[in-house]
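Chain residues, written in single-letter form:
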Amino acid sequence: MTLIYQSTRDAKNTATASQAILKGLATDGGLYTPTVFPEISLDFNQLKDLSYQDIAKKILSAFLDDFTPEEIAYCVSNAYDDKFDTELIAPIVKLNGQYHLELFHGSTIAFKDMALSILPYLMTTAAKKQGVDNKIVILTATSGDTGKAAMAGFADVPGTEIFVFYPKNGVSRIQELQMVTQEGENTHVLAIDGNFDDAQTSVKNMFNDEELRDLLLEKGIQFSSANSMNIGRLVPQIVYYVYAYAQLLKQGEIDNGELINFSVPTGNFGNILAAFYASKIGVPIGKLICASNENNVLTDFFNTATYDKNRPFKVTTSPSMDILVSSNLERLVFHLVGNDATKTRELMAQLANEGSYQLPVKEASILNLFAAGFANQEQTSQDIARVYLENHYVEDPHTAVASSVYKDYQEKTKDTTKTVVVSTASPYKFPTVVVKALERTSITDDFEAVKKLKKLSQIVIPKAVDGIEKAPIRHQTTIATKDMKETVERYLGL
Ligand SMILES: *Cc1c(COP(=O)(O)O)cnc(C)c1O
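Quantities reported herein were computed from a predicted structural model and do not represent experimental measurements.

1. Focus on helix 6 (residues 119-129)
Along an α-helix, residues three or four apart share an orientation, since each turn contains 3.6 residues. Turning to helix 6, its buried residues number three or more, namely Leu 119, Pro 120, Leu 122, Met 123, Thr 125, Ala 126 and Ala 127. Downstream of helix 6 by a residue or two, Gly 131 has a phi angle that is positive, lying close to 65°.

2. What to know about the pattern of salt bridges
Summed over the entire model, instances satisfying the criterion amount to 21 salt bridges. When the shortest N-O distance is used, the salt bridge between Lys 83 and Asp 81 registers 3.1 Å. In the salt-bridge network here, residues are joined through shared partners; they are Asp 383, Arg 386 and Glu 390.

3. Let's talk about the packing of aromatic side chains
Per the stated rule, a full pass over the model turns up 20 aromatic pairs. Relative to Tyr 357, the ring of Tyr 307 has its centre 5.6 Å away and its plane inclined at 5°; by these criteria the two rings are stacked. You can see Tyr 307 sitting in strand 12 (residues 306-308) and its partner Tyr 357 sitting in strand 13 (residues 356-358), a full 50 residues away along the chain. A single burial state applies to Tyr 307 and to Tyr 357, both of which are buried.

4. Comments concerning the UniProt feature "modified residue: N6-(pyridoxal phosphate)lysine" (unreviewed entry) in the chain
The sites that carry the UniProt feature "modified residue: N6-(pyridoxal phosphate)lysine" (unreviewed entry) are, in the present numbering, Lys 112. Within the secondary structure, Lys 112 sits in helix 5 (residues 112-116). You can call Lys 112 buried: its relative accessible area is 10%. With sequence-adjacent residues up to four places away left out, Lys 112 is seen in contact with Asp 145, Thr 146, Ala 149 and Arg 233.

5. Some details on the site of the ligand
The environment of the ligand is formed by 15 residues, the closest being Lys 112, Asp 145, Gly 267, Asn 268 and Thr 424. The separation between an oxygen atom of the ligand and a polar side-chain atom of Lys 112 is 2.6 Å. Within the contact set of the ligand, an oxygen atom lies 3.0 Å away from a backbone nitrogen or oxygen of Phe 269. When the ligand sits alone it has 380 Å² of accessible area, and the protein chains cover 98% of it.

6. Quick notes on the layout of surface pockets
Of the volumes computed, that of the largest pocket is approximately 960 Å³. Every residue lining the largest pocket is counted, 40 residues in all, and those nearest its centre are Gly 106, Ser 107, Thr 108, Lys 463 and Ala 464. Elements supplying a minimum of two residues to the lining of the largest pocket: helix 5, helix 6 and helix 7 (146-154). Here the lining of the largest pocket takes five residues from helix 7, the largest share from any one element. Across the lining of the largest pocket, the residue classes tally to 21 nonpolar, 10 polar and nine charged. What the second largest pocket holds in volume is close to 510 Å³. For the second largest pocket, the lining is made up of 25 residues, of which Thr 201, Lys 204, Val 325, Leu 351 and Ala 352 are closest to its centre. Sorting the residues of the lining of the second largest pocket by element identifies helix 9 (196-207), helix 14 (329-336) and helix 15 (341-354) as the ones contributing at least two each.

7. Remarks on unusual backbone geometry
In the Ramachandran plot, Asn 339 falls in the positive-phi region, its phi being about 50° despite a non-glycine side chain. Mapped onto the elements, Asn 339 comes out in the loop between helix 14 and helix 15. Phi is positive for His 392, which is not a glycine, with a value near 55°. Mapped onto the secondary structure, His 392 falls in the loop between helix 17 (377-391) and helix 18 (397-413).

8. Details of the environment of Glu 448
Within the secondary structure, Glu 448 is located in helix 20 (residues 446-457). On the basis of relative accessible area, Glu 448 is assigned to the partly exposed category, the value being 43%.

9. Description of empty space enclosed by the protein
The method is simple in principle: a probe with the dimensions of a water molecule rolls over the atoms, and the space it marks as empty is what remains. All told, the structure shown has two cavities of 30 Å³ or more when counted by the stated rule. Computed from the structure, the largest cavity encloses a volume of approximately 280 Å³. Lining the largest cavity are 26 residues, with Phe 111, Lys 112, Gly 267, Asn 268 and Ser 320 positioned closest to its centre. For the lining of the largest cavity, the elements supplying multiple residues, two or more each, are helix 11 (231-250) and helix 12 (270-280). Volume-wise, the second largest cavity comes out at about 40 Å³. As for the second largest cavity, its lining consists of Thr 266, Gly 267, Ser 292, Asn 293, Asn 295, Val 297, Leu 298, Met 321 and Ile 323. Class assignment of the residues belonging to the lining of the second largest cavity gives a composition of four nonpolar, five polar and no charged.

10. What about the sheet that holds strand 9 (residues 221-225)?
Taken together, the five strands give an open sheet; going across it, the order is 9-6-7-8-16, and neighbouring strands pair in parallel fashion. In this open sheet, the two strands that pair with only one neighbour each are strand 9 and strand 16 (477-479). Geometrically, the sheet is characterised by an average inter-axis angle of 30° between neighbouring strands, direction not taken into account. Where strand 8 (residues 187-192) and strand 16 come together, three bridges link them in parallel fashion. Residue pairing in the sheet places Leu 190 in a bridge with Thr 477 of strand 16.

11. Some words on the side chain of Thr 380
Mapped onto the secondary structure, Thr 380 falls in helix 17. Not counting chain neighbours up to four residues away, the residues in contact with Thr 380 comprise Ala 375, Pro 397, Ala 400 and Val 401.

12. Let's talk about the sheet that holds strand 15 (residues 419-423)
Within the open sheet, the six strands sit side by side as 4-5-15-10-11-14. Their pairing is mixed. Strand pairing shows two members of the sheet lacking a second neighbour, strand 4 (92-95) and strand 14 (370-374), which therefore form its edges. On average, adjacent strands in this sheet sit at an angle of 25° to one another, irrespective of strand direction. Sheet topology note: the strand 11 (residues 285-292)/strand 14 ladder contains five bridges and is parallel. Each residue of the ladder has a partner; that of Ile 289, found in strand 14, is Ala 371. Sheet strands touched by helix 13 (residues 297-304): strand 11 and strand 14. Its angle to strand 14, the strand with the most contacts, is close to 140°. Each of strand 5 (98-102), strand 10 (260-265), strand 11, strand 14 and strand 15 touches helix 18; the most contacted strand, strand 11, lies at about 120° to it.

Rules behind the numbers
Residues numbered from 1 in each chain as written. Predicted model: local features only at pLDDT ≥ 70, side-chain atom pairs only at ≥ 80, totals over all residues. Heavy atoms only, no water. Buried < 20%, exposed > 50% of the residue type's maximum accessible area, 1.4 Å probe, protein only. Helix = DSSP H or I, 4+ residues; strand = E, 2+ residues; numbered from the N terminus. Salt bridge = Lys/Arg side-chain N within 4 Å of Asp/Glu carboxyl O. Phe/Tyr/Trp six-rings, centres within 6.5 Å; stacked < 30°, edge-to-face > 60°. UniProt positions renumbered as here; feature names shortened; annotations may be inferred. Contact = heavy atoms within 4.5 Å. Near = heavy atom within 4 Å. Polar contact = N/O pair within 3.5 Å; in protein donor to acceptor, adjacent residues only side chain to side chain. Areas by Shrake-Rupley, 256 points an atom, 1.4 Å probe, with all protein chains shown as cover. 1 Å grid on protein atoms, 1.4 Å probe; cavity = no way out; pocket = protein on both sides within 12 Å on 5 of 7 lines; lining within 4 Å. Points joined across faces, edges and corners; volume = space filled by probe spheres on them. Nonpolar A, V, L, I, M, F, W, Y, C, P; charged D, E, K, R; others polar. Pairing = 2+ DSSP bridges. Axes fitted to C-alpha atoms, helices over the stretch in contact; angles between N-to-C directions.

Structure below.
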């Protein structure tokens, strides 16, 4: 049986997995979403002895079922190789009172690598399967980490070109340097004068621009997306939730079938949505804790069933979560209203027009799976210090948000279920924030902070950061948000 992905805004707009990956976004502005989940037997007594790659093959084959096993194996083995600095790919660390699932062992030291190291293979394979020989142009809005990870995957991949838009004043120094030093003839990095939501909205508008689409097709070009709106980003993220459960079982930390919680630092709702899909295929999950920073629109959504983005946008110490329009929530909303595309389209129109909507909840069983909370910057900083003091382990600020929100949740609910904090970046990506939290000194230079962090953490400085301050700058254009489309057209020679 071929699994069908349906647009969240139009029941008639459907695609197979490879079609959905190639398109990225549905042309009606919706997101391709599974309406039924693959039946897959997760026998953890068996899974616990499998490698990350073998679990990936199993999960990907089930969700991307119009790919052949050979195609999946090709994509998996090229993605999860020695680009990762550990054979485990996503190791679990046991700390005092919580486990950390480390998703930052890939080439750009943030969790985006988990999916973006495989997406280029999935996309070029999908193009071959579909007999598409158009040039594929990837448009990416980034809050700091997606951009670099996407370019690391797509740089010099034949038949592709990639544009990355990031908020000029909304990323860390290291994140910015990682992007502007990116090599590859097919890469374009552009800073914009707006915030992440502005970048994401303009990218979505370009996708939905029919005139532009026709113009591109005449030139043999089509757009696709490397954001988590692409189902090819989401499905590879399900893998590590299955793997985490299998590893905990293998290490004797849990019994087979025992429920566990995940606390997930959330921005665009991609990572935690993958956790929800993992629960749908049978990973025993008690609660999914949705952890936000001061841009706490999701905390309010889960607590009041109202989404309201009419509030000030805050630049925080966890920039990859500085988001007020959380794209992937649309998929959860679609499930919450009973996979009703008409209703979802109405709600999304309200969001676009009024900046808010109220959820007419139908599927309470889905809502009950989630808990939500947020941590402000002081709480985040305190958690970095606490975890270091208790474990001599250094968290990055995004992970610290999830850890702090979990602590709060645990104190309030007395829920003693074993909990995995999803650890999304290496502390080396945000060194000044981390060193400030640990030493309570004011330090402003990222590279001074890297040296200090090495002393404090005793962790080798990752390749992704080492020497980056001396690498040649290859991209230095800043544009106005309103000129994004015009810039893309000019670069593509339209
Ligand atoms: C992208 C990112 C997040 C948020 O993930 P979403 O899938 O957008 O919810 C959290 N932490 C880090 C370090 C990230 O790069």
